[in-house]
Amino acid sequence: MPELTGNVHIRVAENVTLDNLHTIVDRIVGLSGCRTCGLLGIDLHLSGDPVEVQEITKLPGVNSASFGG
């Protein structure tokens, strides 16, 4: 299977589950990430409610989070 290059834009359904999101990200990483170095080389942009940003910054492994309109 060829590697993905460029941008991948995905809009998910309102009722998407966490398992669905894991599968989607896993597939994209499998197609365009480096198997040895993981997600290096992939920029993942998620959008959502700016109020949630404060909670996201408290999660393990998150250095920073911001919301852009």
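Conventions adopted
- Residues numbered from 1 in each chain as written.
- Predicted model: local features only at pLDDT ≥ 70, side-chain atom pairs only at ≥ 80, totals over all residues.
- Heavy atoms only, no water.
- Helix = DSSP H or I, 4+ residues; strand = E, 2+ residues; numbered from the N terminus.
- Buried < 20%, exposed > 50% of the residue type's maximum accessible area, 1.4 Å probe, protein only.
- Areas by Shrake-Rupley, 256 points an atom, 1.4 Å probe, with all protein chains shown as cover.
- Patch = residues over 30% accessible without salt bridge, like charges linked within 9 Å, V, L, I, M, F, W, Y side chains within 5 Å.
- Salt bridge = Lys/Arg side-chain N within 4 Å of Asp/Glu carboxyl O.
- Contact = heavy atoms within 4.5 Å.

Quick look at the overall build of the protein chain
Counting its secondary structure elements, the protein chain contains 2 helices and 0 strands. Looking at the protein chain as a whole, 4% of its 69 residues qualify as buried. Total accessible area on the protein chain is roughly 6500 Å²; 53% of this is exposed by carbon and sulfur atoms.

Details of a nonpolar patch on the surface
A surface patch of nonpolar side chains, about 410 Å² in accessible area, is lined by Val8, Ile10, Val12, Leu18 and Leu21. Position of isoleucine 10 among the secondary structure elements: in the segment before helix H1 (18–32). Judged by relative accessible area, which is 46%, isoleucine 10 ranks as partly exposed.

A closer look at the environment of isoleucine 10
Distance from isoleucine 10 to leucine 46, taken between C-alpha atoms, is 9.8 Å for residues 36 residues apart in sequence. When near neighbours in sequence (up to four residues on either side) are disregarded, isoleucine 10 contacts Ile24 and Ile28.

Digging into the pattern of salt bridges
In this structure the tally under the stated criterion is 1 salt bridge. Residue lysine 58 pairs with glutamate 55 through a salt bridge whose shortest N-O separation is 3.4 Å. According to the relative accessible area criterion, glutamate 55 is partly exposed, its value standing at 43%.

Quick word on the environment of valine 53
Checked against the element boundaries, valine 53 lands in helix H2 (residues 53–56). Separated by 12 residues in sequence, valine 53 and alanine 65 place their C-alpha atoms 6.1 Å apart. Setting aside its immediate chain neighbours within four residues, valine 53 contacts Ala65, Ser66 and Phe67.

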